[in-house]
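Coordinates in review
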Amino acid sequence: MRRPSLFAVVCSLVCAASAWATPFGVRLTHYADPATTMAVSWNSDVPGDNQVAFGTTPDALTTTFVVPAVNTSAMPAPLGTSFSARLSGLSPATTYYYRVGAPGSFYPAPPAAPLSFTTMSDDRCDPVRFVVIGDNRADTSTGAPGVSDLYGGIIGESLAFSPQLFVNTGDMVKNGDVPEEWDAMIRASEPTWSTVPSITTQGNHDTGDPDGDGALYNRLYELPQNAETDTEDYYAIDVGPVHFVSLNTQHLDASELPAMAGWLDADLAATAQPWRVVFFHKAVYSRGNHSTGEEEDADGTPGVINRVLTPIFDAHDVDLVLNGHSHNYERFVPTLGYDAAFGGTGRTFPAGDKDTIDPAAALPDGTVGTTYVVTGGGGARTTDIPFYDDLVCIDSACTFCTGINLGGCDGDVLDLDQDQANLVYDGSHHYVAIEIDRGVLTATVQATATGNSGAEVIDTFTIAKPSFTSALCGAEGEGEGEGEGEGEGEGEGEGEGEGEGEGGEGEGEGEGEPAEGEGEPGEGEGEGDPPAGCTCAGGDATALPAAGLVLSAIPLISLIPLISLISLISRVQRARRRAIKHLATG
Ligand SMILES: [Fe+2]
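Residues numbered from 1 in each chain as written. Predicted model: local features only at pLDDT ≥ 70, side-chain atom pairs only at ≥ 80, totals over all residues. Heavy atoms only, no water.

What about the overall build of the protein chain?
The condition is simple: Numbering of helices and strands starts at the N terminus; helices are DSSP runs of H or I of at least 4 residues and strands are runs of E of at least 2. Here, residues are in contact when the closest pair of their heavy atoms is within 4.5 Å.
Each helix and strand in the protein chain was counted, giving 9 helices and 21 strands. Summarising the internal contacts of the protein chain: among those between residues at least 6 apart in sequence, 71% fall at separations of at least 24.

And the structure:
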């Protein structure tokens, strides 16, 4: 038990002690190299609950990290104090066990098992699995405190996929400036986020006053920062072979969008990662309760996301764009270009008749398109297909009223006839499970038992990248690397940190020799050669040939017992026939 304190005594008189005396909302995020670092964050009403005890065996959490003041933030009630421990110098592909809090009162308290996480491999040829969820907020019409009651069940079901990472496409809470709502969010997320790290983006409901680094969102989640604004509002991070970019579609006015777009262009130009996945909240294309082109620029002209961002995606061969905002699932066949309605010259679709288009076909000129996905089925009320049964086109451009946009037409000016055959649409609550294994991306879209009549695969697709070569195998292939390590110790414990060079077998070690009571981080640098035994061809990872892309309905076999494969394929086929639904009324 924690030793009695004046705070605890007072608290016991005015609040439920069990809820106040324990760290809560434990969450993992990535702030740097996922193979060697991890951000462990939590909140507590006890300002001294600022430590992580961790180790590689559950009964020997011998390393202690003390959160420095710079990563400690006093929050408005009921969020107490927020702590973020930036662990570094970790070993790749290694499971760590941990507890948070303070000596004598760590959480989870023994004899309960400690929490755990596993660092990513530093070999880009090892498979990467991640789950994408969005719009898990409570509905505006309900009194729920910020987070949908369905969210915990939906993300909990996704653990069956064994994700190494969660990607959230935004709108995590209903009102981002209400601390009670974030309290609900971090508590609801703890069962999953305390074991699997997340990377997130801000939705329009997540913002608050103040914005930027002062926003509750940015104070709670430890993520990379961008050099443009020195905030976490948008950022990039490499995970395995994937270059993830998180954009912020609350930055669409003239004072912010050009800076973000310029940063994006430079960031994508600089990456040598073979896979590029960009995620942000408001969708480039959607036919849900929010629509294509509805976001305006400073002059009130619609389509600013399409006009500004799509050419950058095209220029840098972005493979996949993940959005939310509309509460449904949508996938558009890969395209280049954007619509004339927003200032473009039109999109390039795969060849074929637009009403019977083959989604596996390449674009007519052989170039690679970007696959656009909306995943907003994380808990908020979904916009289901039956909404479209009553769809009425009211003008030649088929501007129409959809779903919950009952107050007016939503301004979607895409050619409905062209668009309908290029779209997979489903209104189920769901998550998107993606595995990238070298040159193949396989996605399975899973409607969950939570929020639906039953669990069901509602879509699958693959993207192939024949240009992926074995030159990418190993822990970086070029032999030059730097590393740094940190270690801190408390009391009589011995703190030690290790940093491994990024140059394959290259070594870089740092050790912290803690003095009594507190240890200082160690640092190290190293150089190395590609790992022994690697079949690397020594190729320059920046000189990648253009990627190829195909789509097909291939189930994620690794997840599914073979015995049920045949029945699953049948279910997928039925689901696809249902989901690829013609939206026109005549
Ligand atoms: Fe939204």
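Here we look at the side chain of His251
Condition: The buried label applies to any residue whose accessible area, calculated with a 1.4 Å probe on protein chains only, is under 20% of its type's maximum; exposed applies above 50%, and partly exposed to all values in between. Pairing of N or O atoms within 3.5 Å defines a polar contact, subject to two protein rules: one partner must be a possible hydrogen donor and the other a possible acceptor, and residues neighboring in sequence count only if both atoms are side-chain atoms.
Assignment of secondary structure puts His251 in the loop between strand E13 (242-246) and helix H6 (257-270). Here His251 falls in the buried class, since its relative accessible area comes to 5%. Polar contacts involving the side chain of His251 include one to the side chain of Asp233, which spans 3.3 Å. Setting aside chain neighbours within four positions, we find His251 in contact with Asp233, Tyr234, Glu256, Leu257 and Met260.

Some points on the packing of aromatic side chains
Put simply, the test is: Pairing of aromatic rings covers Phe, Tyr and the six-membered ring of Trp, with a centre-to-centre limit of 6.5 Å; geometry is then stacked below 30 degrees between planes, edge-to-face above 60, and tilted otherwise.
For the structure shown, the criterion picks out 14 aromatic pairs. Between the aromatic rings of Tyr98 and Phe117, the centroid separation amounts to 5.7 Å while the plane-to-plane angle is 50°, which identifies the pairing as tilted. Remark: Phe117 occurs in strand E8 (residues 115-118) and Tyr98 occurs in strand E7 (residues 95-101); sequence separation between them is 19 residues. Tyr98 gets classed as buried once you look at its relative accessible area, which sits at 0%. Overall, the relative accessible area of 1% leaves Phe117 in the buried class. Summarising the aromatic geometry, the rings of Tyr285 and Tyr372 are spaced 5.0 Å apart at their centres and angled 90° between planes, so their arrangement reads as edge-to-face.

Some points on the pairing of strand E20 (residues 440-447)
Heads up, the rule is: Note on pairing: DSSP must find at least two bridges between two strands before they are called paired.
Most of E20 sits out of view: 7 of its 8 residues are buried. Direction of pairing for strand E19 (residues 430-437) relative to E20: antiparallel, over a ladder of 8 bridges. Its bridge partner lying in E20, Ile434 is registered against Ala443. In this antiparallel pair of consecutive strands, E19 and E20, the connection spans 2 residues, and Arg438 shows a positive phi of 55°. In this sheet, strand E21 (residues 456-464) lies alongside E20 in antiparallel orientation, the contact comprising 8 bridges.

What about the coordination of the iron ion?
Test applied: Shown as donors are all N, O and S atoms within 2.8 Å of a metal ion, widened to 3.2 Å for Na, K and Ca; because water is not in the atom set, sites may appear incomplete. Think of it this way: with four donors and all angles in the 85 to 135 degree range, the site is tetrahedral; with four or six donors, opposite ones beyond 155 degrees and the rest between 65 and 115, it is square planar or octahedral; otherwise it is irregular.
Here the iron ion is held by Asp171 (OD), Asn204 (OD1), His281 (NE2) and His325 (ND1), and the distances to it run 2.1 to 2.2 Å. In this structure, the iron ion is surrounded by 4 donor atoms whose angles at the metal cover 89 to 165°, and the resulting shape is irregular. Binding-site remark: the iron ion is held by donors from one chain whose sequence spacing is D-x32-N-x76-H-x43-H. In this pair, Asp171 is assigned in the loop between strand E10 (165-168) and helix H4 (179-193) and Asn204 in the loop between strand E11 (198-200) and helix H5 (216-220), connecting sequence segments 33 residues apart. When its relative accessible area of 1% is taken as the criterion, Asp171 is described as buried.

Points about the sheet that holds E7
Put simply, the test is: Note on method: axes are straight lines fitted to C-alpha atoms, helices fitted across the in-contact stretch only, with angles between N-to-C directions ranging 0 to 180 degrees.
Taken in spatial order, the 4 strands of this open sheet run E4-E3-E7-E8, and their pairing is antiparallel. Looking along the sheet, the strands with just one partner apiece sit at the ends: strand E4 (63-66) and E8. Averaged over all pairs of adjacent strands, the angle between strand axes in this sheet comes to 30°, irrespective of strand direction. Relative to E8, E7 is paired through 4 bridges, and the arrangement is antiparallel. Within E8, the residue paired with Tyr96 across the bridge is Phe117.

Comments concerning the nonpolar core
The condition is simple: Residues grouped as a nonpolar core are buried Ala, Val, Leu, Ile, Met, Phe, Trp, Tyr and Cys residues, joined through side-chain atoms within 4.5 Å. Here the limits of each domain have been adopted from an automatic or database domain assignment.
Phe130, Trp182, Tyr221 and Phe244 are the most contacted members of the largest nonpolar core, which totals 60 residues. Residues from two domains meet in this core; each of domain 1 (6-118) and domain 2 (128-472 + 569-579) gives at least three. Look past the residues within four positions of Phe130 in its chain and what remains in contact with it is Phe161, Pro163, Leu165, Val167, Phe244, Leu322, Val432, Ala433, Ile434 and Ile436. Counting 25 residues, the second-largest nonpolar core is a separate cluster that includes Tyr234, Leu252, Ile312 and Phe342.

So, H6
Just so we agree on the cut-off: Given the number of residues in a helix, its expected span is that number minus one, multiplied by 1.5 Å. Relevant arc is that of directions from the helix axis to the C-beta atoms, nothing else.
Along its 14 residues, H6 runs 20 Å from first to last C-alpha, staying within 8% of the 20 Å computed at 1.5 Å per residue. For H6, every residue scored as buried is listed here: Leu257, Met260, Ala261, Trp263, Leu264, Asp267 and Leu268. Taken around the axis of H6, the buried residues stretch over an arc of 160°, which confines them to a single face. In H6, the exposed positions angled more than 90 degrees off the buried face are occupied by Pro258, Ala269 and Ala270.

Some details on H4
The buried fraction of H4 amounts to 11 of the 15 residues, a majority that puts the element mostly inside the structure. In this structure, the buried side of H4 is in contact with strand E1 (24-29), strand E2 (38-44), helix H3 (151-157), E10, E11 and H5.

Some words on the confidence of the model for the protein chain
Quick reminder of the rule: What pLDDT conveys is the predictor's confidence in a given residue, as a value from 0 to 100.
With 67% of its residues at a pLDDT of at least 70, the protein chain reaches an overall mean of 75. Contacts for the low-pLDDT stretch residues 1-20, under 50 throughout, to residues beyond four places or in other chains number 13 contacts. Taken as a whole, residues 477-586 scores under 50 in pLDDT and shows 242 contacts with residues more than four places along the chain or in a different chain.

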